[in-house]
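So the chains spell out like this:
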Amino acid sequence: DTAVSQTPKYLVTQMGNDKSIKCEQNLGHDTMYWYKQDSKKFLKIMFSYNNKELIINETVPNRFSPKSPDKAHLNLHINSLELGDSAVYFCASSHIQGDTEAFFGQGTRLTVV
Amino acid sequence: AQSVTQPDIHITVSEGASLELRCNYSYGATPYLFWYVQSPGQGLQLLLKYFSGDTLVQGIKGFEAEFKRSQSSFNLRKPSVHWSDAAEYFCAVAPLGGFGNEKLTFGTGTRLTIIP
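Criteria and thresholds
Residues numbered from 1 in each chain as written. Chains lettered and ligands numbered in written order. Predicted model: local features only at pLDDT ≥ 70, side-chain atom pairs only at ≥ 80, totals over all residues. Heavy atoms only, no water. Pairing = 2+ DSSP bridges. Helix = DSSP H or I, 4+ residues; strand = E, 2+ residues; numbered from the N terminus. Axes fitted to C-alpha atoms, helices over the stretch in contact; angles between N-to-C directions. Phe/Tyr/Trp six-rings, centres within 6.5 Å; stacked < 30°, edge-to-face > 60°. Buried < 20%, exposed > 50% of the residue type's maximum accessible area, 1.4 Å probe, protein only. Contact = heavy atoms within 4.5 Å. Buried area = accessible area lost by both parts, 1.4 Å probe. Salt bridge = Lys/Arg side-chain N within 4 Å of Asp/Glu carboxyl O. Polar contact = N/O pair within 3.5 Å; in protein donor to acceptor, adjacent residues only side chain to side chain. Disulfide = S-S within 2.5 Å.

### A short note on the sheet that holds strand 1 (residues 4-7) of chain A
Residue and element names in this part refer to chain A.
Alright, step 1. Strand order in the open sheet formed by 4 strands is 1-3-8-7, and the pairing between neighbours is antiparallel. Edge positions in the sheet fall to strand 1 and strand 7 (64-70), since each has one partner strand and no second. Here the average twist between neighbouring strands, direction ignored, is 20°.

### Side note on the packing of aromatic side chains
Alright, step 1. A full pass over the atoms with the stated rule returns 16 aromatic pairs over all chains.
Alright, step 2. Ring geometry for A:Y35 and B:F106: centres 5.5 Å apart, planes at 90°, overall edge-to-face. Remark: B:F106 occurs in strand 11 (residues 105-106) and A:Y35 occurs in strand 4 (residues 31-37); the pair is interchain, linking two chains. Like A:Y35, the residue B:F106 is buried in the burial classification.
Alright, step 3. Both rings, one in A:F104 and one in B:F106, keep their centres 5.7 Å apart while their planes meet at 70°; by these two values the pair is edge-to-face. Residue A:F104 is located in strand 10 (residues 103-104), and its partner B:F106 is located in strand 11; the two belong to separate chains.
Alright, step 4. The exposure class of A:F104 is buried, given its relative accessible area of 8%.
Alright, step 5. Here a set of aromatic residues connected by ring pairs shows up, and it is made of A:Y33, A:Y35, A:F90, A:F104, B:Y32, B:F34, B:Y36, B:F51, B:F90 and B:F106.

### Details of the pairing of strand 6 (residues 44-50) of chain B
Residues and elements named next belong to chain B.
Alright, step 1. Across the 7 residues of strand 6, 5 count as buried, placing the element largely inside the fold.
Alright, step 2. In terms of strand pairing, strand 5 (residues 32-38) meets strand 6 through 6 bridges, oriented antiparallel. Bridge pairing in strand 6 places V37 opposite Q45.
Alright, step 3. Between strand 5 and strand 6, which pair antiparallel in sequence order, lie 5 residues; one of them, G41, sits at a positive phi of approximately 70°.

### Some details on the interface of chain A and chain B
Alright, step 1. Counting from both sides, the interface comprises 25 residues of chain A and, opposite them, 24 residues of chain B.
Alright, step 2. Across the chain A to chain B interface the summed buried area is about 2000 Å²; carbon plus sulfur atoms make up 55%.
Alright, step 3. For the chain A face of the interface with chain B, the top three residues by lost area are A:L43, A:E101 and A:F104, together amounting to 24%.
Alright, step 4. Our count for the chain A to chain B interface comes out at 1 salt bridge.
Alright, step 5. Between B:K49 and A:E101 there is a salt bridge; the shortest N-O distance is 2.7 Å.
Alright, step 6. Remark: the boundary between chain A and chain B carries 4 residue pairs in polar contact (both at pLDDT 80 or more).

### Points about the state of the cysteines
What is meant by a disulfide is a covalent connection between two cysteines, made through their sulfur atoms.
Alright, step 1. Enumeration according to the criterion identifies 2 disulfides over all chains in this entry.
Alright, step 2. Sulfur-sulfur distance for the disulfide between A:C23 and A:C91 comes to 1.8 Å. As the torsion about the S-S bond is roughly -80°, the A:C23-A:C91 disulfide counts as left-handed. Residue A:C23 is found in strand 3 (residues 19-25), and its partner A:C91 is found in strand 9 (residues 87-94); the two are separated by 68 residues along the sequence.
Alright, step 3. One disulfide bridge connects B:C23 with B:C91, the sulfur atoms lying 1.9 Å from each other. Where B:C23 bonds to B:C91 through sulfur, the torsion about that S-S bond is close to -65°, and the disulfide is left-handed. With a gap of 68 residues between them, B:C23 in the loop between strand 3 (19-21) and strand 4 (24-26) and B:C91 in strand 10 (residues 87-94) connect regions that are remote in the sequence.
Alright, step 4. Under the relative-accessibility criterion, B:C91 is labelled buried at 0%.

Structure representation (structure tokens):
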């Protein structure tokens, strides 16, 4: 069983389109994250949700809108895609407290053309 | 604010040689410390972690790391690398006690190349 799963794995789309990336975790974690990895491999947090509530919202264009229907899911919707949105997006989950680590999904490689 | 520095962008090592990847952190207290590995086209896999206790921690795939409070370092080591160790390695920190309202902060990564 995959602990943190993202779909799709690859996404190629044209500028201006709207797209969504889905993430699900079956670890019973209460916190989920979206990270963006740019072309230089730098990983930067975008959002964090705890029990469906937004707790971290870094400086991200409001074209990006996360949605957490329940604590096992955190989807990322992106409106009006731009070339600079091309990156690998990673979903992760963890417990919010305690000795724990974050578990990552396989990533979604988004290419905007 | 917490930060992580990995001074080596790219390291090349011969197969069978020893390896040390450097990581320095900046944080008000002792944080939680992690090393993740990302193989080409893959996600992030946890190699090892330090929360407390013994400052030398063992991880998967024969890796170990040593936490040195005086140097604010958490360097990753392996005595003998294998060709399959070629990957991108990330050091990361999180606040002591769990993530809370903070986040897992990553270094910029070190790309490891293995030569025969």
